[in-house]
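# Remarks on the overall topology
Below, each chain spelled out in residue letters.
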Amino acid sequence: MRIIVVKIGGALIAENFHNVVKDIADIYLNPKKTYKLVVLHGGGPQIDSTLHKMNKEPKHFKTPSGYRTRYTDQETVEVAIMALAGINNKRIVEALQKKGVNAFGFTGIDGASINAKRKEKILVLINGKRIMKRGEYSGKVKTVNTEIIHYLIEKNYIPVIGSLAKSEEGDIVNVDGDRAAGCVASALNAEILISLTDVEGIYKNFEDKDSLIKELKAGQLENILEELKGGMKKKAYAALEALRINVKKVIISTGLSERPITDALDNQAGTVILHD
Ligand SMILES: Nc1ncnc2c1ncn2[C@@H]1O[C@H](COP(=O)(O)OP(=O)(O)OP(=O)(O)O)[C@@H](O)[C@H]1O
Ligand SMILES: [Mg+2]
């Protein structure tokens, strides 16, 4: 069985995920059925907008190694559950159902499908000073239980998984969508991980729209990792991690084009990252 994991970024959900949904439906309804799709989604912008609706400020910080991170305290994880398990997950399932796709939505806590180690504290930079923030509810994915996912695929459902996980203590923790997608893809022995976002792929220089990288090897990506910024740095790191564990190919591409998944599979779009 050829499995493809499609990650739908929160940035894309905020903008427009209808082309992705239509493409998933076309692939799903194709009588030749070349691939089985598994969807994983994030929801950073929706966590922020839900916080704003509640008159609360999102807590974003820089880490000493230059990554942007969220401080997921008790209140924020509560909102992450609303945004990820609630609105994002159900809106994607709804849109797929409307197109005739039998989508089944859940998150990593359900059936203990995604298990993570809770961080509990994170080191952040505030005015150049290293500050330890405690009471953190995010985690690093450790194991994926594929039983439910395999069952759904076999019965012709499309699993739609929100990036929350179960900690060792049983708490719900927020996990990075791309890293969760990589772990799920690896556990499923997926052929390809496609990460759909709101940009065309990895730009060598983000300001220069002619600098889109079409294809590169893991080692080459490692060499330019430091030059990438924001969400893309984390996404590239997650892609390298996915390749290291099991996944054969990672494609980072836009979800805004007419046929985002089909084009990525035909090498017509995005940045393709391969093993060395
Ligand atoms: N060199 C670069 N090439 C491409 N994008 C870049 C680059 N540097 C920074 N970016 C930013 O990375 C963003 C994509 O990562 P981001 O984490 O925001 O999206 P996502 O993973 O789709 O969403 P989410 O994390 O909410 O699931 C782009 O929107 C762009 O602004
Ligand atoms: Mg991201």
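One can find the structure itself at the top, above this paragraph.
Just so it is clear, the model here is predicted, and its values are computed rather than measured. (Residues numbered from 1 in each chain as written. Chains lettered and ligands numbered in written order. Predicted model: local features only at pLDDT ≥ 70, side-chain atom pairs only at ≥ 80, totals over all residues. Heavy atoms only, no water.)

## Considering the nonpolar core
Val5, Val38, Ile149, Val184, Leu221 and Ile273 are the most contacted members of the largest nonpolar core, which totals 45 residues. For this core, the element with the most residues is helix H8 (residues 230-245), which contributes 6 residues. Contacts of Val38, omitting those with residues within four sequence positions, involve Ile3, Ile4, Val5, Val6, Ile149, Ile153, Pro159, Ile161, Val184 and Leu188. Counting 31 residues, the second-largest nonpolar core is a separate cluster that includes Val6, Ile24, Ala25 and Leu96. (Core = buried A, V, L, I, M, F, W, Y, C linked by side-chain atoms within 4.5 Å. Buried < 20%, exposed > 50% of the residue type's maximum accessible area, 1.4 Å probe, protein only. Helix = DSSP H or I, 4+ residues; strand = E, 2+ residues; numbered from the N terminus. Contact = heavy atoms within 4.5 Å.)

## Looking at the site of ligand 1
With respect to spatial proximity, 20 residues lie near ligand 1, and among them Lys7, Thr197, Asp198, Tyr203 and Lys235 are the closest. A distance of 2.8 Å separates an oxygen atom of ligand 1 from a polar side-chain atom of Thr197. Between ligand 1 and Asp198 there is a distance of 2.7 Å, counted from an oxygen atom to a side-chain nitrogen or oxygen. Of all the elements in the fold, those that place two or more residues in the shell around ligand 1 are helix H1 (10-15), helix H3 (44-53) and H8. In terms of residues, the shell around ligand 1 owes the most to one element, H8, which gives 3 residues. Residues of the shell around ligand 1, tallied by class, amount to 8 nonpolar, 7 polar and 5 charged. (Near = heavy atom within 4 Å. Polar contact = N/O pair within 3.5 Å; in protein donor to acceptor, adjacent residues only side chain to side chain. Nonpolar A, V, L, I, M, F, W, Y, C, P; charged D, E, K, R; others polar.)

## Things to note about the pattern of salt bridges
It is possible for side chains of opposite charge to pair when their charged atoms get near one another. Taken as a whole, this structure holds 14 salt bridges when the rule is applied. In this structure, Lys7 engages Asp178 in a salt bridge whose closest nitrogen and oxygen atoms are separated by 2.9 Å. With Lys7 in strand E1 (residues 3-8) and Asp178 in helix H6 (residues 177-187), this pair connects stretches of sequence that are 171 residues apart. Lys56 is the salt-bridge partner of Glu75, the closest N and O atoms lying 3.5 Å from each other. Taken together, the residues span a long stretch of sequence, with Glu75 in helix H4 (residues 74-98) and Lys56 in the loop between H3 and strand E3 (60-62) at a distance of 19 residues. (Salt bridge = Lys/Arg side-chain N within 4 Å of Asp/Glu carboxyl O.)

## Things to note about the packing of aromatic side chains
Each pair of aromatic rings is reported with the distance of its centres and the angle of its planes. Within the structure shown, the criterion is met by 4 aromatic pairs. Seen in terms of ring centroids, Phe104 and Phe106 are 6.1 Å apart; in terms of plane orientation they differ by 55°. Their pairing is tilted. Residue classification places Phe104 among the partly exposed positions, given a relative accessible area of 39%. For the pair Phe104 and Tyr157, a centre-to-centre distance of 6.2 Å together with 80° between the ring planes defines the contact as edge-to-face. Here Phe104, found in strand E5 (residues 103-107), pairs with Tyr157, found in the loop between helix H5 (147-154) and strand E8 (158-162); they are 53 residues apart in sequence, far enough to count as distant. Chaining the aromatic ring pairs together yields one cluster made of Phe104, Phe106 and Tyr157. Cation over ring: Lys209 sits above Tyr203, and NZ or CZ is 4.6 Å from the ring centre. (Phe/Tyr/Trp six-rings, centres within 6.5 Å; stacked < 30°, edge-to-face > 60°. Lys NZ or Arg CZ within 6 Å of the ring centre and 35° of its normal.)

## Remarks on the environment of Asp26
Among the structural elements, Asp26 can be located in helix H2 (residues 18-29). The spatial distance from the C-alpha of Asp26 to the C-alpha of Ile109 is 30 Å, given a sequence separation of 83 residues.

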